Amino acid sequence: MTKPLIGVTTSRRGGWRSYLMHRLALLRAGARAVRLMAGQPLPEEPLQGLVIGGGDDIGAEIYGGKVLPDVRIDPERDKLELSLLKAALPAQVPVLGICRGSQMINVALGGTLHTDIYEVYVQAPKMRTVLPRKRISIVPGSRLDHILGCNPCRVNALHHQSVDRLGNGLAVAAEDESGIVQAIEGESPRFLIGVQWHPELLVWKRHQQRLFAALVEAALHSPVKLERATVVP
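Just so it is clear, the model here is predicted, and its values are computed rather than measured.

Cut-offs applied
Residues numbered from 1 in each chain as written. Predicted model: local features only at pLDDT ≥ 70, side-chain atom pairs only at ≥ 80, totals over all residues. Heavy atoms only, no water. Helix = DSSP H or I, 4+ residues; strand = E, 2+ residues; numbered from the N terminus. Buried < 20%, exposed > 50% of the residue type's maximum accessible area, 1.4 Å probe, protein only. Phe/Tyr/Trp six-rings, centres within 6.5 Å; stacked < 30°, edge-to-face > 60°. Lys NZ or Arg CZ within 6 Å of the ring centre and 35° of its normal. Pairing = 2+ DSSP bridges. Salt bridge = Lys/Arg side-chain N within 4 Å of Asp/Glu carboxyl O.

This next bit is on unusual backbone geometry. A negative phi holds for most residues other than glycine; trans holds for most peptide bonds. For the peptide bond that leads from Asn-151 to Pro-152, omega is 5°, which places it in the cis range. Residue placement: Pro-152 occurs in the loop between helix H5 (143-148) and strand S7 (153-157). Although it is not a glycine, Gln-92 adopts a positive phi angle of roughly 65°. Given the relative accessible area of 44%, Gln-92 is considered partly exposed. At Cys-99, a residue that is not glycine, the phi angle is positive and equals roughly 55°. Following the sequence through the fold, Cys-99 ends up in the loop between strand S4 (95-98) and helix H3 (100-108).

Structure (structure tokens):
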């Protein structure tokens, strides 16, 4: 059986490091990866799944948020990812969002973001680490709960934005001890999960690798593929 092809969106600046970690995680899960960047043509081969990766902040004007100074944004990447999701979500192509990617899924479905979590969750500790030091609670019985098999879990934290109002058809799947949303998932049977942490950096954690394995399994059994012609910029 041909290994499914999974598209991975990254930043244009420095995104190759992130892509390599995602490529490794997907390879271990039995899939091939292709990097998707703004300004580059999409692959001719149809995609069987998507990873919307981390990186730059999402432009606040997209969801009516507060514009913050001194944050890095990439409007062209925003357009690319929204175009991909606009095509993939109605077709029920399997999608995994990571950090920014989780936020982008929420925005694409009509949700909003907290542009700075520390202005809202003033008691939340300011944590920025690639190590699994943040404790989160998974919603029992959720798809994420069945996949990870750890509850509570320890994850890393590299974000200062988070999901605020949920998008259409989404549910909260995990929160941290301050009440900040740490994961979302679709309410339908399709594979649609967004996590606020970076599982691709936790390569030694088996339960984090299960996220990529679940995405690949869903891609293998999905009757729909994302054709380049269906992605309208």
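That shown, we press on.
According to the stated counting rule, one finds zero aromatic pairs in the structure shown. A cation sits over an aromatic face here: Lys-126 above Tyr-118, 5.6 Å from the ring centre.

For the rest of this paragraph, the subject is the pairing of strand S6 (residues 129-138). Strand direction decides the pairing type here: S6 and S7, joined by four bridges, are antiparallel. Bridge assignment links Lys-134 to a residue of S7, and that residue is Val-155.

Scanning all chains against the criterion turns up nine salt bridges. Between Glu-81 and Arg-77 there is a salt bridge; the shortest N-O distance is 2.8 Å. Remark: Arg-77 and Glu-81 occur in helix H2 (residues 75-91); sequence separation between them is four residues, near one turn of the helix. Each member of the pair, Glu-81 as well as Arg-77, carries the same accessibility label: buried. Across the pair Asp-78 and Arg-100 runs a salt bridge, and its minimum N-O distance is 2.7 Å. One end of the pair, Asp-78, is in helix H2; the other, Arg-100, is in helix H3, and 22 residues separate them in sequence. The pair Asp-78 / Arg-100 is uniform in exposure class, with both members buried. Residues joined in a network through salt bridges with shared partners are Arg-77, Asp-78, Glu-81 and Arg-100.

So far we have only geometry, and geometry alone does not tell us how the molecule works.
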